[in-house]
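# Working through the structure, step by step
This is what each chain is made of:
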Amino acid sequence: MGLTVDPKYELVSRLFDSVKVISGLPECRTVCKKMHGNLVRRIKLLSPLLEELKDSDEDLSQEEVKGLELLQIALDSAMELLKSIYEESKLYQALVQEKMANKFHQTMENIEAALNEIPYEKLDVSEEVREQVELVHAQFRRAKERPDSPDAQLDLDLAIAEREKDPDPAILRRLSEKLHLKTIDDLKKESLAFHELVISSDGDPGEWFEKMSNILRKLKDYIQVEIPEGDTSDAEKSLMKHRFPVIPDDFRCPISLELMKDPVIVSTGQTYERSYIQKWLDVGHKTCPKTQQTLLHTALTPNYVLKSLISLWCEKNGVELPKQQGACRTKKVGTSTSDCDRPAIVALLDRLVNGSLEQQRAAAGELRLLAKRNADNRVCIAEAGAIPLLVDLLSSTDPRTQEHAVTALLNLSINDSNKGTIVKAGAIPDIVDVLQNGSMEARENAAATLFSLSVVDENKVSIGAAGALPALIKLLCEGSPRGKKDAATAIFNLSIYQGNKARAIRAGIVPPLMRLLKDVGGGMVDEALAILAILASHQEGKSAISQAEPIPVLMEVIRTGSPRNRENAAAILWSLCTGDSQQLKLARDFGAEEALKELSESGTDRAKRKAGSILELLQHADVIVNQSCL
């Protein structure tokens, strides 16, 4: 005879498994994060109830079974909603955040209604578990009565980002953080989700297509060019500001937002990447994704003029020419395929080892360009053994060869695994030497290389110990605009490590930062404030900044600066005023109360917190003065 399954045990086991799966879901990284987290947390609290029911020998009444079955239906619906969040476009969720909030609210209502049907007092569970379930039920009841309201600031930022041609970087940064689109990899995944949304749309995608396409393009440019410090993945952090060209809008496919390699024209006159528009047509769409006009026919006409312009732009900017599917590919070591030309790379390495000075210079220059062009080349060059040879060339007496070598290492360091290989080859002291003694271009690229390597935390220690900070500070004072930014981003990243804060302060970082902060037209105010905000958390940094008479310029930034700069200025001011009555008095004398009250209402979340904390310090100081007068 076959074993029969107890229906009660099967129902409770299914419920237990559902709660277990939901409890184990990864953290949500979209605008739904709070709603997602609250729902998962509350469902997780049902585990003790289901565990005791599984272990109980008592049969369930019809009323109890009905309630638990309703709970299973509600949990199935919740699991479907929670899992869908990971797959859907983050930007789309933000644009329809009210709709998403309604979905979560409906799910909360369903679970609360199911819990309402379960007679806890009759269940064979401990008093402690019964009380916990009643508390959970109360939480769901409160959540049903107080639905989450949409983020008004997010709606405003999205509207501005869509409307304005060049939105304030502070707005794009805020969107990047709220949407959790902080790295190039995040944006690649978002582009795929966007593409899937376009393809799967069986209605009219026009309402959101233009908005999403427009905002996502601007976010891509912002992440690729601005690179917010501390917010990007290892690979992206080394893509320094002003180093890689922004793709012109006309060269991007409106669906994928990527550089087109095979542009084709549809009957409405719009141009798309062939593979993406073909997929759109293959699923039965009869409209143009961008204009929503009905297509008179589905023929795709190659746009040879645009393709030629894209090729010219790629050559001019040192970007790899896009390859069409089916293009010839060569094998690299192992079984994977790659677009790199391995024999040519091996020949270049031979010239590095055995060639004349001129041949070495030329070979290093070619490797520099190859490493810049694409990820395949970076992997192939490293696998061929180029990194130790390039490190050796850092000591070359020929300035141009040295420039090529350090820049090639910078480009190779974009690949995460190459970072480790570069450090193991003993490159850090030699890069620091180039930073100290090389030509201006070599020094600037050495700074960028150190920044890229410092993304790995243990390298921050090694780079600081090798004496990089004094040389970076010197470059910060002497470099070109791009060189100053390279130096500043390297100093910022290195100063995340506590030991390097002291090194930077003792090397005299504060006076040049204050000069940059006061030079509004110099284009370095953002960087100066970001570094000062980190250093102000160190006691020596706080002392050095206090001696530089910072209060007037900080108050000016708090009144008139960008949202991000006002935030950093408030953070610095809070550090200076905490435990220092003299700085607090100076802040009051320069009109801090009025400016901080305004910031506490209109600033970023962090700026509001810092402004509130300083206002509390000022109020506390008033109380002390009043008491002393009594």
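Basis of the calculations
Residues numbered from 1 in each chain as written. Predicted model: local features only at pLDDT ≥ 70, side-chain atom pairs only at ≥ 80, totals over all residues. Heavy atoms only, no water. UniProt positions renumbered as here; feature names shortened; annotations may be inferred. Helix = DSSP H or I, 4+ residues; strand = E, 2+ residues; numbered from the N terminus. Buried < 20%, exposed > 50% of the residue type's maximum accessible area, 1.4 Å probe, protein only. Contact = heavy atoms within 4.5 Å. Areas by Shrake-Rupley, 256 points an atom, 1.4 Å probe, with all protein chains shown as cover. Patch = residues over 30% accessible without salt bridge, like charges linked within 9 Å, V, L, I, M, F, W, Y side chains within 5 Å. Salt bridge = Lys/Arg side-chain N within 4 Å of Asp/Glu carboxyl O. Lys, Arg positive; Asp, Glu negative; His and termini not counted. Charge placed at Lys NZ, Arg CZ, Asp CG, Glu CD. Axes fitted to C-alpha atoms, helices over the stretch in contact; angles between N-to-C directions. Parallel < 35°, antiparallel > 145°, perpendicular 65-115°, else oblique. Core = buried A, V, L, I, M, F, W, Y, C linked by side-chain atoms within 4.5 Å. Arc of directions from axis to C-beta. Pairing = 2+ DSSP bridges. Phe/Tyr/Trp six-rings, centres within 6.5 Å; stacked < 30°, edge-to-face > 60°. Lys NZ or Arg CZ within 6 Å of the ring centre and 35° of its normal.

In the nomenclature of an unreviewed UniProt entry, the protein chain corresponds to RING-type E3 ubiquitin transferase from the organism Rhizophora mucronata. Taken verbatim from the UniProt record of the protein chain, the Catalytic activity (unreviewed entry) comment is "S-ubiquitinyl-[E2 ubiquitin-conjugating enzyme]-L-cysteine + [acceptor protein]-L-lysine = [E2 ubiquitin-conjugating enzyme]-L-cysteine + N(6)-ubiquitinyl-[acceptor protein]-L-lysine." Under Function (unreviewed entry), UniProt gives the following word-for-word description of the protein chain: "Functions as an E3 ubiquitin ligase."

### Notes on the overall build of the protein chain
Helix and strand counts for the protein chain stand at 34 helices and five strands. Per-residue burial for the protein chain yields a buried fraction of 50% across its 630 residues. Here the analysis covers contacts within the protein chain between residues at least 6 apart in sequence; of these, 70% occur between residues at least 24 apart. Of the roughly 29,300 Å² of accessible surface on the protein chain, a fraction of 50% belongs to carbon and sulfur atoms.

### Some remarks on a negative patch on the surface
Together, E51, D55, D57, E58, D59 and D124 line one region of the surface with negative charge. In this structure, D57 sits in the loop between α3 (47–55) and α4 (62–87). Given the relative accessible area of 77%, D57 is considered exposed.

### Here we look at the packing of helix α31 (residues 563–577) against helix α32 (residues 581–589)
Packing of α31 against α32 leaves a shortest axis separation of 7 Å and a crossing angle of 135°. Considering the angle they form, α31 stands oblique to α32. Residue-level contacts link L573, L576 and C577 of α31 to Q583, L584 and A587 of α32.

### Concerning the nonpolar core
If you look at the biggest cluster of nonpolar residues, it comprises 92 residues, and the most contacted ones within it are I509, L517 and L596. Considering each element in turn, this core owes the most residues, nine residues, to helix α28 (residues 525–535). The residues contacting L517, other than those within four sequence positions of it, are V525, A528, L529, L532, V553, L554 and V557. L68, A78, L154 and I255 belong to the second largest nonpolar core, which has 88 residues in total.

### Quick notes on helix α13 (residues 274–282)
Three or more residues of α13 are buried, namely I277, W280 and L281. Taken down its axis, α13 places every buried residue within 95° of arc, on the same side. At the C-terminal side of α13, G284 shows a positive phi close to 105°.

### A few points about the sheet that holds strand β1 (residues 263–265)
Read from one edge to the other, the open sheet built from three strands follows the order β2-β1-β3, with strand pairing classed as antiparallel. Both edges of this open sheet fall to β2 (271–273) and β3 (301–302), since each of them pairs with a single strand only. In the sheet, β1 pairs with β2 via three bridges, with the strands oriented antiparallel. Along β2, the bridge assignment pairs I265 with T271.

### A short note on the pattern of salt bridges
Applying the stated rule across the entire model yields 23 salt bridges. In this structure, R173 and E177 form a salt bridge, with 3.2 Å as the shortest nitrogen-oxygen distance. Of the two residues, R173 and E177 both sit in helix α9 (residues 169–178), four residues apart, roughly one turn of that helix. A relative accessible area of 9% places R173 in the buried class. Connected through shared salt-bridge partners, R368, R400, E403 and E441 make up one network.

### Quick look at the packing of aromatic side chains
Enumeration over the complete set of coordinates arrives at one aromatic pair. Between F251 and W313 the ring centres are 6.1 Å apart and the planes differ by 75°, which places this aromatic pair in the edge-to-face class. Note that F251 is positioned in the loop between α12 (234–237) and β1 and W313 in helix α14 (residues 304–317), a separation of 62 residues in sequence. The same class applies to F251 and to W313, which are both buried. Directly above the aromatic system of F16 lies the positively charged group of K54, at a separation of 4.4 Å from the ring centroid.

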